[in-house]
Amino acid sequence: MSDESEPIGILALQGGVIEHRRHIEALGLRGRDVRYARDLDGLAGLILPGGESTCLGRLLRMTGLDRSILAAHRERRLPLWGTCAGAILLATEIAGESPHLGLVDMTVQRNAFGSQLESFRRRAQIPAVSREPVPLVFIRAPRIVRVGPSVRVLLALDGYVAAVESGGCVLATVFHPELSSSLAFHRYFAGLCGLAVPDSAPWSREPFLGLRQAV
Ligand code: GLN
């Protein structure tokens, strides 16, 4: 069990960092931006945010953070959660491309719903995560088109997989919980990190800026 004072890190090289951080802090937890290997010290878990996976992968390699993250995961089971581009970083296979961290036995297909204009929202019941249906925001999202036997499917939608868990401490979602008002996924990840979030802590918060009308 982690100490409650340990922060959850958010990889802060590119992409949707502040939205994750605000969700973490809304739960009464500490967040920490991660830019260097030393920022991984003492983390309860690490979020790999959405953004652009090619760019994130390149920055991970340039900074050496790819090796540091893999080492922290291997040596002390650092919990990891990838959202959208972050989920792509975690996959062992990316259709037509080389993988990045290659930690979750799954194949992803990038930009599987089309262009940015084909972004969409929906709701789904995910029993492992929340009693209430959770809002899902898809932005130029990938699909998970294959999962290995060790991977637990948390949410399957129309013919593809949208959320998985692997090895008890790695979570991958092709949508963006940090862009919705719901804190359910951040609570769930805090649980995987061994951090206790009291039931009295909020289950939702004002969505980020322009998304106020959206979800
Ligand atoms: N389309 C991006 C990619 O393939 C992911 C988009 C996102 O993270 N919202 O890397």
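Residues numbered from 1 in each chain as written. Predicted model: local features only at pLDDT ≥ 70, side-chain atom pairs only at ≥ 80, totals over all residues. Heavy atoms only, no water.

Caption draft 1: Spatial organisation of the site of the ligand. As a matter of local geometry, the ligand sits amid Gly50, Gly51, Glu52, Ser53, Cys84, Ala85, Ile88, Arg110, Asn111, Ile139, Arg140 and His176. Contacts to the ligand include Arg110, whose side-chain N or O atom sits 2.7 Å from an oxygen atom. Isolated, the ligand exposes 300 Å² of accessible area, and the fraction of that covered by the protein chains is 95%. A breakdown of the residues in the shell around the ligand according to their chemical character gives 4 nonpolar, 5 polar and 3 charged. (Near = heavy atom within 4 Å. Polar contact = N/O pair within 3.5 Å; in protein donor to acceptor, adjacent residues only side chain to side chain. Areas by Shrake-Rupley, 256 points an atom, 1.4 Å probe, with all protein chains shown as cover. Nonpolar A, V, L, I, M, F, W, Y, C, P; charged D, E, K, R; others polar.)

Caption draft 2: Expanded view of the pairing of strand β6 (residues 104-109). Summarising the sheet, strand β5 (residues 91-94) and β6 pair through 3 bridges and their orientation is parallel. Counterpart to Ile94 in the pairing with β6 is Val108. In the sheet, β6 pairs with strand β9 (residues 143-147) via 4 bridges, with the strands oriented antiparallel. Bridging across to β9, Val108 finds its partner in Ile144. (Pairing = 2+ DSSP bridges. Helix = DSSP H or I, 4+ residues; strand = E, 2+ residues; numbered from the N terminus.)

Caption draft 3: Expanded view of the packing of aromatic side chains. All told, the structure shown has 8 aromatic pairs when counted by the stated rule. Seen from their ring centres, Trp81 and Phe189 are 5.5 Å apart, and the 50 degrees between their planes marks the pair as tilted. Residue Trp81 is located in strand β4 (residues 80-83), and its partner Phe189 is located in helix α5 (residues 184-192); the two are separated by 108 residues in the primary sequence. Exposure remark for Trp81: the relative accessible area of 0% places this residue in the buried category. (Phe/Tyr/Trp six-rings, centres within 6.5 Å; stacked < 30°, edge-to-face > 60°. Buried < 20%, exposed > 50% of the residue type's maximum accessible area, 1.4 Å probe, protein only.)

Caption draft 4: Representation of the packing of helix α2 (residues 53-63) against helix α3 (residues 65-76). In the contact formed by α2 and α3, the axes pass within 5 Å of each other and the chain directions differ by 85 degrees. Relative to α3, α2 is oriented roughly perpendicular. Contacts between α2 and α3 involve Leu60, Arg61 and Thr63 from the former and Leu65, Asp66 and Ile69 from the latter. Tallied by class, the residues present in the contact of α2 with α3 amount to 3 nonpolar, 1 polar and 2 charged. (Axes fitted to C-alpha atoms, helices over the stretch in contact; angles between N-to-C directions. Parallel < 35°, antiparallel > 145°, perpendicular 65-115°, else oblique. Contact = heavy atoms within 4.5 Å.)

Caption draft 5: The environment of Ser166, seen in detail. In this fold, Ser166 is placed in strand β11 (residues 161-166). Measuring from C-alpha to C-alpha, the distance between Ser166 and Arg74 comes to 13 Å, with 92 residues separating the pair along the chain.

Caption draft 6: Examining the side chain of Thr107 more closely. With respect to the element layout, Thr107 can be found in strand β6. Engagement of the side chain of Thr107 in a polar contact is seen with the side chain of Glu93, the distance being 2.5 Å. In this view, Thr107 contacts Glu93, Ala95, Arg143, Ile144, Val145 and Arg146; residues no more than four positions away in its chain are not counted.

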